[in-house]
Amino acid sequence: MTTDKALDIASEKNLDLVLVSPNANPPVCKIMNYGKYKFEQAKREKEAKKKQKVYEVKELRVTPNIEEHDFNFKSKNARKFIEDGCKVKITVRFRGREVNNVKLGEAVLEKFIENLQDIALPEKKPLLEGRNMFIILAKKAEK
């Protein structure tokens, strides 16, 4: 039907004429309440956002030659963060010549993984970026 006729029908019913497919030949239109449609669409998007889980990432910085007491303290904090639902990024910072002994940093990160393995899993292997090596631990999925 013609555009004028479609507009007349839409105005009689107090609805809107919405262009669905402008590139089609002839163009496709739909008669509907556009305000209500937009409202429902916004409502659906809001519901979808509610269902998303946003993780906060907490960072703990350590050195390759960390002492036992400091390690236990940091490990206890990491455990608390993971139980609260956050992800934990453990960063080993290498200063000066320490960067030559990357194995020490890896050992510290492996010790963290081993200490927290009952509640957390590493997302990927330890990664060296410049003078920092880090790993991200996330809470284990509950069965």
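Residues numbered from 1 in each chain as written. Predicted model: local features only at pLDDT ≥ 70, side-chain atom pairs only at ≥ 80, totals over all residues. Heavy atoms only, no water.

J.: I keep staring at the overall build of the protein chain and nothing clicks. Help me out?
T.: Along the protein chain, the regular secondary structure elements total 4 helices and 7 strands. When the helices and strands of the protein chain are listed from N to C terminus, the series reads α-β-β-α-β-α-β-α-β-β-β. The C-alpha atoms of the protein chain give a radius of gyration of 28 Å, which is well past the 15 Å a tight globule of 143 residues would have. Expressed as lengths along the three principal axes of its C-alpha atoms, the size of the protein chain is roughly 80 × 30 × 25 Å. A total of 143 residues make up the protein chain; the buried ones form 24% of that total. Residue pairs in contact within the protein chain that sit at least 24 positions apart in sequence constitute 54% of those at least 6 positions apart. A gap of 0 Å separates the mean positions of the 31 positive and 22 negative side-chain charges of the protein chain. (Helix = DSSP H or I, 4+ residues; strand = E, 2+ residues; numbered from the N terminus. Rg over C-alpha atoms; globule rule 2.2 N^0.38 Å. Buried < 20%, exposed > 50% of the residue type's maximum accessible area, 1.4 Å probe, protein only. Contact = heavy atoms within 4.5 Å. Lys, Arg positive; Asp, Glu negative; His and termini not counted. Charge placed at Lys NZ, Arg CZ, Asp CG, Glu CD.)

J.: For this particular structure, what's the right way to read helix 3 (residues 68–83)?
T.: The periodicity of an α-helix, 3.6 residues per turn, causes residues three or four positions apart to be oriented the same way. Helix length check: helix 3 (16 residues) gives 22 Å between terminal C-alpha atoms against 22 Å at 1.5 Å per residue, within 8%. Within the span of helix 3, buried status applies to Phe71, Ser75, Ala78, Phe81 and Ile82. Across the axial projection of helix 3, the buried residues extend over an arc of 120°, all falling on one side. Exposed residues on helix 3 whose side chains face more than 90 degrees from its buried face are His69 and Lys76. Taken together, the buried residues of helix 3 touch strand 3 (57–62), strand 4 (87–93), helix 4 (102–115), strand 5 (120–122) and strand 7 (132–139). Backbone geometry just after helix 3 places glycine 85 at a positive phi near 100°. (Expected span 1.5 Å × (residues − 1). Arc of directions from axis to C-beta.)

J.: How do you make sense of the packing of aromatic side chains when you look at a structure like this?
T.: Between two aromatic rings, the relevant description is the distance of the centres plus the angle of the planes. What the rule picks out here adds up to 2 aromatic pairs. Ring centres 4.6 Å apart and planes at 55° place the aromatic pair phenylalanine 71 and phenylalanine 112 in the tilted group. Highlighted residues: phenylalanine 71 in helix 3 and phenylalanine 112 in helix 4, separated in sequence by 41 residues. Lying across the ring of phenylalanine 134, lysine 89 places its NZ or CZ 4.6 Å from the centre. (Phe/Tyr/Trp six-rings, centres within 6.5 Å; stacked < 30°, edge-to-face > 60°. Lys NZ or Arg CZ within 6 Å of the ring centre and 35° of its normal.)

J.: Quick question: what am I supposed to make of the environment of lysine 140 here?
T.: Examined against the element boundaries, lysine 140 turns out to sit in the segment after strand 7. C-alpha of lysine 140 to C-alpha of isoleucine 82: the two residues are 58 residues apart in sequence and 9.3 Å apart in space. Among all residues touching lysine 140, those that are not within four sequence positions of it are Gln117, Asp118, Ile119, Ala120 and Leu121.

J.: How should the pairing of strand 1 (residues 16–21) be read in this particular structure?
T.: Of the pairings in the sheet, the one linking strand 1 to strand 2 (residues 28–32) comprises 5 bridges and is antiparallel in character. Directly across from leucine 17, in strand 2, lies its bridge partner isoleucine 31. In this antiparallel pair of consecutive strands, strand 1 and strand 2, the connection spans 6 residues. (Pairing = 2+ DSSP bridges.)

J.: In this structure, what is going on with the packing of helix 3 against helix 4? I would like to understand it.
T.: For any two helices packed against each other, the geometry is given by the interaxial angle and the distance between the axes. In the contact formed by helix 3 and helix 4, the axes pass within 11 Å of each other and the chain directions differ by 50°. Considering the angle they form, helix 3 stands oblique to helix 4. By crossing handedness, the relation of helix 3 to helix 4 is classed as right-handed. Between helix 3 and helix 4, the contacting residues are Glu68, Phe71, Lys74, Ser75 and Arg79 on the first element and Val108, Lys111, Phe112 and Asn115 on the second. Tallied by class, the residues present in the contact of helix 3 with helix 4 amount to 3 nonpolar, 2 polar and 4 charged. (Axes fitted to C-alpha atoms, helices over the stretch in contact; angles between N-to-C directions. Parallel < 35°, antiparallel > 145°, perpendicular 65-115°, else oblique. Left-handed = near helix turned anticlockwise from the far one by under 90°. Nonpolar A, V, L, I, M, F, W, Y, C, P; charged D, E, K, R; others polar.)

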